Amino acid sequence: MTLTIILAECGLELIPDSIREYPSVKKNISRDNYSSQLLDNALHHSVMKELKNNLKRGRPDILHLCLLNALGAPLNKSGNLNLFIHTINNKLFKVSPEVRIPKNYNRFKGLMAKLLIENKIEPDDISLISPIRKSLDELINQQTDSKKIIFTRKGKLVRIYTELFTSNLSENYVVVIGGFQKSTFSENILKISKNLISISDKSLHSWIVVGKVITYYEILSNII
Ligand SMILES: C[S@@+](CC[C@H](N)C(=O)[O-])C[C@H]1O[C@@H](n2cnc3c(N)ncnc32)[C@H](O)[C@@H]1O
């Protein structure tokens with residue numbers, strides 16, 4: 001049985017044209033430096049106020065931490081984790097279990113920018129993150145044999161982790177975790193499932209939720 005994690009509406013995108021000409025943005029963009037092409041709230045905070053939906057954008061660091069957490073987990077090493085990145089602009093990528101994500105944040109940003117610009121990454125870089133040529137809806141509709149859970153602070157609070165997944169893990173699960181800083185899921189995501197679950201009475205960082213969900217699943221499936 002497998003756990004599929006969709007990191008949804010991740011704040012990963014190239015700097016939008018509408019703010020590229022601002023002097024504070026333009027001065028840091030370099031054609032030779034892929035990482036400078038990525039929208040990053042830490043660098044573009046003041047002009048990001050111009051962007052619609054800005055609370056969910058410009059946070060590649062969230063995706064970085066989620067990927068490091070998920071890919072390093074025993075569940076991934078055992079071959080029972082499927083991982084997808086869905087971006088705020090509806091791009092969808094499959095992450096191979098073998099991918100080696102750079103620990104260095106700037107290198108990670110460079111590779112993500114290259115992925116968005118060239119829609120591929122050369123083998124020696126990070127060959128194993130590949131674009132999926134279908135919509136999130138199509139991907140979800142294919143998972144007919146899986147239970148679907150959306151993790152959100154606004155969901156039904158589950159205090160006992162054994163209630164999250166069936167005890168003998170006789171079913172496949174698709175779980176959705178937001179890859180953004182603030183705000184809530186769009187309607188497009190919420191229509192994936194009516195099963196909205198909260199695992200804490202506090203709002204947690206995405207990477208903490210990724211870590212907890214994977215750990216609960218590992219314990220219940222006896223993967224150490
Ligand atoms: C920083 S939060 C987004 C902020 C939003 N106010 C929230 O708490 O859901 C990023 C993601 O972490 C997950 N998350 C955060 N707190 C959670 C909780 N208490 N229970 C379940 N998932 C949570 C959700 O998937 C959320 O989209």
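Up top is the structure these notes are about.
Residues numbered from 1 in each chain as written. Predicted model: local features only at pLDDT ≥ 70, side-chain atom pairs only at ≥ 80, totals over all residues.

Trainee: Honestly, the site of the ligand in this entry has me stumped. Any pointers?
Mentor: Not every one of the 18 residues close to the ligand is listed here, only the nearest: Phe151, Arg153, Gly178, Ser198 and Ser203. With three residues, the single largest contributor to the shell around the ligand is strand 5 (residues 146–157). Looking at the shell around the ligand residue by residue, the classes come out as six nonpolar, nine polar and three charged. (Near = placed C-beta within 6 Å. Helix = DSSP H or I, 4+ residues; strand = E, 2+ residues; numbered from the N terminus. Nonpolar A, V, L, I, M, F, W, Y, C, P; charged D, E, K, R; others polar.)

Trainee: In this structure, what is going on with the environment of Leu81? I would like to understand it.
Mentor: Counting through the fold element by element, Leu81 comes out in strand 2 (residues 81–87). Of the residues examined, Leu81 has 22 C-beta atoms within 10 Å and is grouped as buried. In the structure, Leu81 is positioned ten residues away from Leu71 in sequence and 8.6 Å away in space, judged by C-alpha atoms. (Buried ≥ 20, exposed ≤ 12 C-beta atoms within 10 Å, placed from the backbone.)

Trainee: So what exactly am I meant to see when it comes to the packing of helix 4 (residues 60–71) against helix 6 (residues 105–118) here?
Mentor: The description of two helices packed together rests on the angle between their axes and the distance between the axes. Where helix 4 contacts helix 6, the two axes come as close as 10 Å, and the packing angle between them is 105 degrees. Put simply, helix 4 runs roughly perpendicular to helix 6. Where helix 4 abuts helix 6, its residues Pro60, Asp61 and His64 lie against Tyr105, Phe108, Lys109 and Met112. Taken together, the residues of the contact of helix 4 with helix 6 sort by class into four nonpolar, one polar and two charged. (Axes fitted to C-alpha atoms, helices over the stretch in contact; angles between N-to-C directions. Parallel < 35°, antiparallel > 145°, perpendicular 65-115°, else oblique. Contact = placed C-beta atoms within 7 Å.)

Trainee: Teacher, can you tell me more about the sheet that holds strand 1 (residues 3–10) here?
Mentor: Note on sheets: strands pair through backbone hydrogen bonds, and any given pair is parallel or antiparallel. A sheet is described by the order of its strands in space; here seven strands give the open sequence 4-3-2-1-6-5-7, paired in mixed fashion. Here the strands that pair on one side only, and so sit at the sheet edges, are strand 4 (129–131) and strand 7 (196–198). Direction aside, neighbouring strands of the sheet carry axes that sit 30 degrees apart on average. The strands touched by helix 10 (residues 206–220) are strand 1, strand 5 and strand 6 (172–178); relative to strand 6, the strand with the most contacts, the crossing angle is about 165 degrees. (Pairing = 2+ DSSP bridges.)

Trainee: Looking at this structure, how should I read the pairing of strand 5?
Mentor: Here is the key point about a regular strand: its side chains alternate between the two faces of the sheet. The sheet contact formed by strand 5 and strand 6 spans five bridges and is parallel. Pairing of Lys148 across the sheet is with Val174, part of strand 6.

Trainee: Looking at this model, I keep getting lost on the environment of Glu138. Mind explaining?
Mentor: Topologically, Glu138 is positioned in helix 8 (residues 136–142). Residue classification places Glu138 among the exposed residues on the basis of 11 C-beta atoms within 10 Å. Considering only alpha carbons, one finds Glu138 and Asp201, 63 residues apart in sequence, at a separation of 32 Å.

Trainee: Where do I start with unusual backbone geometry in this structure?
Mentor: For residues that are not glycine, phi is negative in most cases, and the peptide bond is trans in most cases. In this structure, Asn90 is a non-glycine residue whose phi angle is positive, near 65 degrees. Since 11 C-beta atoms lie within 10 Å of it, Asn90 is described here as exposed. In this model, Ser183 sits at a positive phi of 80 degrees, which is unusual for a non-glycine residue. Residue position: Ser183 is located in the loop between strand 6 and helix 9 (187–190).

Trainee: Sorry if this is basic, but what is going on with helix 4 here?
Mentor: Three- or four-residue spacings in an α-helix give side chains the same orientation, since the helix completes a turn every 3.6 residues. Taking 1.5 Å as the rise per residue, helix 4 with twelve residues should run 16 Å; its terminal C-alpha atoms sit 16 Å apart, in good agreement. When we look at burial in helix 4, the residues that qualify are Pro60, Ile62, Leu63, His64, Leu65, Cys66, Leu67 and Ala70. Contacts from the buried residues of helix 4 go to strand 1, helix 5 (74–77), strand 2, strand 3 (92–95), helix 6 and helix 10. (Expected span 1.5 Å × (residues − 1).)

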